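Observations on the model geometry
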Amino acid sequence: MKTFFLYRVELRRLALSKFTWIVTVLSLCGPLTGYSFLQQSNASVMSGQYIANPVLAGTVIGAILWAVLTLIESNRVYRNKTDILTDAIVSPIRMAFVRMTALASLSAAACFLCVLAYLPYTIVKMDYIFNPALYMMSFLILMLPTWWISILLAAAIYQIVQRVELAGLLYVVCVYFSFSRFANSDFFSRWINPIIITYSDGFSSLYYLRIALYTRVLWLALAGGIWTLSLICIRRYQKNLLVSFWRSLRKVYLPVTAAALMVTGIMMWRGQPFVDHGPAEFQYWDYYNTINDSKISAVTYRLTAKPESGQLHSIAEYTSTSGGSGIKSIWLNPGYKILRIMCDNQPVSFTATSEFQGDSQRTDFNLTQSGWKTLTIEYEGYPTMLRCFAPYTWGNEVTSDYVSLNNFSSMPSLTGLNFPGTFTLELTLPGYMTPLLNHQFIEDYTLNTDGTKTWTKKESSYIIWLTACDYNVESFNAAGMNVNFVYSKKYETIMTEYNMQEALAEVLSYCTEHLGRLSWAGGSSLMMVQRSAISDGGNAGEGWVEWGESTFTAGNLSDPLKGANAAEVFVHEMVHIWWGGLGVNCGSEWDVSNNDPWSDEGLTVYTTYRLMKDKYGEEYAKQYYIDVWQAAVDIQERGFYYRNPEYLDRLPEQYRADLSTMNRGTNLYSRMPLMILKAEQLVGGEEKMDEILRSVQSRFANNGFDKPFTYQDFLDACGLQEEDLILD
Amino acid sequence: MIKILKYEIRRLLFNKFFLGLLVINGIFAWYTLSSDTVAGIAYTAPFSPWSFGAYLSSVMPLIMITVLFLLTYFHSKKEKQVEVLTSATPIDAVRYMLIRNTAVTLGFLFLCLFVVGLCLYFYVVYFNYRNFAVFIIPALVTILPCYVFMMGAGHCIGRIHSGLLYFLMIISFAVSVVKVPDAFDLFGGSYYSNFPLTLPAGADGEPAFVLSAAFLTARGLYLVIGIVLFVISVRPVRKK
Amino acid sequence: MKIEVNEVSMVYPSGKHALQSISLQMECPNLIGILGPNGAGKTTLMKLLIAGLIPTSGKILLDGKALLSQEKRLKSQLGYLPQSFGLYDELTVWQFIDYMAALKGIQEKAAIDNVLERVSMADQRKVRLRSLSGGQRQRVGIAQALLGNPRLLILDEPTVGLDPEERVKFRNIFSEMAQDKIVLLSTHIVEDVQSICNRVLVLHHGRILFDGIPADLISRTNGHVGIFLSDNGDNVPKNCQVVSKVNTARGIQCRIVAEELPDYVDKAEPTLEDAYLFHIRKGDGAS
């Protein structure tokens, strides 16, 4: 009761203090900076521009302001020399607790005021895109806990060092660390500026919010533990830190609570379920090369999405006429926990290893008896993102608005087993979702009693790309192909307003005319799929192309003269499907130290330039493509290490790696297109180049990595030597 | 006078707080060297005067914050209590203030030498570069106006209220991140990053190190304003 | 050395009249005690005398010349101990006195050792100031005031925080110094004034109520101090101020001062404290 009474007194005192009001008003203004210069999230989606960025900016600014207030208030009794009086009435430890709770209460009130203050503007600007749940969650998950963490840390630091300027300095160091490159890509180190790469307008924004919620709880535990520990450090009886600490240890509940909270935080950090615990460098897959001795006659995967928890539950069933014995390995995304392995209804023990390849971790199990008939692997969990690519995802999401599973992120690969050419997929999803499996619709489904649907398909590719959403589908014919344009229903208004169907048809016609018909694109059909901003950018493959939703925002689509940027990304990605099947990449895309400019990007950029030249004229194309490439190459060639590569060799490896990465984009997206442009001029013009590229398409299409289209092949097709294409 | 200076140095610089600030400055300086300077500023060599100037511009905000922390000693409530005694001595108030500021200046110079030394060490170890004479001009042009301006502003503001010095620290950090016309960047970072891009490359591929008239004028202005503010601030106050 | 204060008034920007047209003269040797309640103007007077304030009106002369034009000369002969002051806690006792000596232009180390001896702080010369008790800090303050054997010593509440033995010791030091110097001593402890001061100033509401020798102040109070017995100590006559109440076997013995004593009150021999209270009360009535 006494503590509650003190809390009320302290709350009232703080609420009437002018410092508190100054901090509250400035905290309310903090989100304003997020609309313009303090943008930490993708602003090309409306949810990012009007929710994520203001909230993130307000989070950081408010956290610092409330920490300043905490330091001022913590120092107040010592500054006014009233500590002698107050310590005689109330224990300083209890007073510190009361002060902390009062500050937390007031900061919560300030956060609530922020919610109300920015609500009308956000609703007006976002219109039908506005999601009230996302709006509220952003403040409650990102802003408020971070303010509390900041208050706890500031109070803790002060209570330990007992000097306000030193505490302020140490606090600034903590803030700086969160912004430094050490914490740049680490979700869990960024205590004051949580990572929200992007929100999504048309799909789900829960991906990063879930991680943010986890990190906020983690840091609340850590900061709470540190703060509780600092209570023991509060100076008492005119003694120094060590003596006061020793005496206060007698309050056993304090160190116990501190330890419990800190251990919780540390364990949450170590055991975090979002990023894999594999090596920092990407490990290529090579388990394909294992000898497989057990012939499998049938494979069935039963995947059930659980959007509420964000998890996937799966049962993989393998049927054999006579399975072999021995050690077998499962390669599975480490986010999944293998629940059981059954062989002919008998449990099989298994052991997880520490070996990682790609996004998979190896688990071994031993089949002691040969001649088995069925092998069942049951697993559940949530696919983690690769540590070497964090905080950027591979697009895996399981939410109530969107399901996206890429590559091996949903199904295991097994070594030692010889798989049949097809497998059966049974996919259970919420009833309102339409799935796309490898960018194709699934026709067969059954309606379950709980409202979910189970979709069934026989599939030949063991590398699956699965997305499911409440899609809108526009079907049309263009360039002799049946085109399905698939996008989130929330974008229907924009797509209609900007006549996207017509724009897409235009691009298809151009590329077919100049590069030839897509011989490998399923013959006569093409899927064009919008994907979430969380796995933004573009991608293309056999018979399909994907674009991130940033391409389709009103801001981008309303300005076609923006040049070779977001508004024309959809063209670029669509052009990729003409070049993606030629195996041009040859692994260079993954090897960031490889500065070889040859890849399908150069060909795609060049083709996009040609289309824009055709559409908007030579002057436009020169301004937004050729001049841009040349400027990038000029800048690259001005670079010190480009002119003096011998200095690069003298640097430590980490510096070399960072500097090499800086050149890669220019090589792929600017230097190579210029070289192809030069080739065009040398071979005799655009028509001749089109002829060459058409012949390349017909000769190399669908070769994939077996017989890739190399730079030498390109030179041979043009009748040129390597020296001919060296840029002046 | 030497004795007073000795005691002021002991009080301001020989303590854990300054040592901690020195360490923090060192860590930040090395971080700047290994992330920004090593890449070379504006496509010049990492050891070009441009890169060196940009490096100093990056570390100056933190050094200035350190200097402002030292100034808080002069304007704190505690100092005012001691001033009751020291103001009753025959020492000339202006001379006394100058002696004390000499201690701050020595601390500042020590800090500068430390971060410059780190940079020179970096150049020697990773690039085997030892022609340090070319760094004198960028060092003077970057450091001197900053310091004089901040000292003057710090003393003026500190006389109003010591708490405002912490506000000035925030301002000094904000100035380093907010975009201003290149020539008028107090710390010079924008100038060193952008001006070389407008210059033609020399025979060795490096643009010559030139200081534009606008930049020099701005540096001169900061210097003059700083001197004026400093002169105003060292006048003794007598209550009427 | 001669200091003249001519019709000096001091009005602060807030409007408070700290001093109202006061005049006095001081010359060597003299040990002047200043008595007065809080807010009487004692500290203001002292600050004016050390050139820490500029008077609103009037003049202060040092040896016939304006004080403000001889500030450096004044401070080279001044030892000042304010009522509240700070010390550089990170320095030791010896270092702080050395620092103050440097400010005063005193080079000899012996001077530092000498004052530390006088204030009995020689043993704690290497102790950091932050570790000192309140009384020890006061002694350090006195030490720095005594540095350089100043001709003008202004001490504001110098014996606060000192134990009785030390108070006597320091009183003797001040008395010794007053043999050829001007010592101005402001205090609430009337006993200090009575013991050593040859001249007393009573200040109240910015005016000088009395300026003269203590004996004169006491003699003016003759017939205005009395004692009577009371059952409960409450029946104090009107217009009287109680100086003390002492429980005795016969009842509560009350000592009072008044302009006119009632008949039942026995007259008593006035002390300096009685005289001070009587004059302050009279001053209150006048203002």
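Basis of the calculations
- Residues numbered from 1 in each chain as written.
- Chains lettered and ligands numbered in written order.
- Predicted model: local features only at pLDDT ≥ 70, side-chain atom pairs only at ≥ 80, totals over all residues.
- Pairing = 2+ DSSP bridges.
- Helix = DSSP H or I, 4+ residues; strand = E, 2+ residues; numbered from the N terminus.
- Contact = placed C-beta atoms within 7 Å.
- Core = buried A, V, L, I, M, F, W, Y, C linked by C-beta atoms within 7 Å.
- Buried ≥ 20, exposed ≤ 12 C-beta atoms within 10 Å, placed from the backbone.
- Expected span 1.5 Å × (residues − 1).
- Domains from an automatic or database assignment.
- Nonpolar A, V, L, I, M, F, W, Y, C, P; charged D, E, K, R; others polar.
- Axes fitted to C-alpha atoms, helices over the stretch in contact; angles between N-to-C directions.
- Parallel < 35°, antiparallel > 145°, perpendicular 65-115°, else oblique.
- pLDDT = per-residue confidence, 0-100.

**A few points about the sheet that holds strand β13 (residues 251-258) of chain C**
Residues and elements named next belong to chain C.
- Strands sit in the order β12-β13-β11-β14 across an open sheet of four strands; the sheet is antiparallel. Of all strands in the sheet, those with a lone pairing partner are β12 (240-248) and β14 (266-267), marking the two edges.
- As paired elements, strand β11 (residues 225-230) and β13 share six bridges and run antiparallel to each other. Within β13, the residue paired with Gly226 across the bridge is Ile256.

**Overview of the interface of chain B and chain C**
- Contact residues are listed per partner, giving 19 residues for chain B and 24 residues for chain C.
- Of the residues forming the side of chain B that touches chain C, the biggest block, six residues, is contributed by helix α4 (residues 77-86) of chain B.

**A few points about the arrangement of the chains**
- With two pairs of chains in contact overall, the contact-richest pair is chains B and C.
- In this view chain A stays clear of chain C, with the nearest C-alpha atoms of the two still 11 Å from each other.

**Here's the deal with the nonpolar core**
- Counting 90 residues, the largest nonpolar core has Ile97, Ala143, Ile154, Leu184 and Leu185 of chain C as the members making the most contacts within it.
- Looking at this core, the element that brings in the most residues is helix α3 (residues 93-103) of chain C, giving eight residues.
- Residues in contact with Leu184 of chain C, not counting those within four places in the same chain, are Ile32, Ile34, Met46, Ile154 and Leu155 of chain C.
- With 83 residues, the next largest nonpolar core counts Val55, Tyr118, Trp148 and Ile226 of chain A among its residues.

**As for the pairing of strand β17 (residues 453-459) of chain A**
All names here are of chain A.
- Here strand β13 (residues 423-429) pairs with β17 via seven bridges, running antiparallel. Residue pairing across strands places Leu429 opposite Lys453, the latter belonging to β17.
- Judged from the four bridges that link them, strand β16 (residues 444-447) and β17 form a sheet pairing that is antiparallel. The partner of Leu447 across the bridge, within β17, is Lys453.

**Some remarks on helix α15 (residues 600-616) of chain A**
- For α15 of chain A, which comprises 17 residues, the first-to-last C-alpha distance of 24 Å matches the rise-based estimate of 24 Å (1.5 Å per residue) to within 8%.
- Here α15 of chain A lies mainly inside the structure; 13 of its 17 residues are buried.

**Topic: the domain arrangement of chain A**
Residue and element names in this part refer to chain A.
- Domain annotation for chain A reports domain 1 (2-270), domain 2 (287-469) and domain 3 (487-725).
- Elements with a minimum of two residues in the side of domain 2 that touches domain 3: β10 (402-405) and β18 (466-469).
- In terms of residue class, the side of domain 2 that touches domain 3 is made up of four nonpolar, six polar and one charged.

**Here we look at the packing of helix α2 (residues 16-35) of chain B against helix α3 (residues 49-75) of chain B**
All names here are of chain B.
- At a minimum axis separation of 9 Å, α2 and α3 run at an interaxial angle of 170°. Relative to α3, α2 is oriented roughly antiparallel. Listed contacts from α3 to Leu21, Asn25, Phe28, Ala29, Thr32 and Leu33 of α2 are Tyr55, Ser58, Val59, Leu62, Ile63, Thr66 and Phe69.
- A class-by-class count of the residues in the contact of α2 with α3 yields nine nonpolar, four polar and no charged.

**Structural notes on the confidence of the model for chain B**
- Taken over all residues, the pLDDT of chain B has a mean of 90, while the share at 70 or more is 98%.
- Here helix α7 (residues 164-177) of chain B is the element of chain B with the lowest mean pLDDT, 83, and helix α5 (residues 93-127) of chain B is the one with the highest, 94.

**Things to note about the environment of Ser162 of chain B**
- Among the secondary structure elements, Ser162 of chain B is positioned in the loop between α6 (136-160) and α7.
- Between the C-alpha atoms of Ser162 of chain B and Gly220 of chain B, which are 58 residues apart in sequence, the distance is 28 Å.

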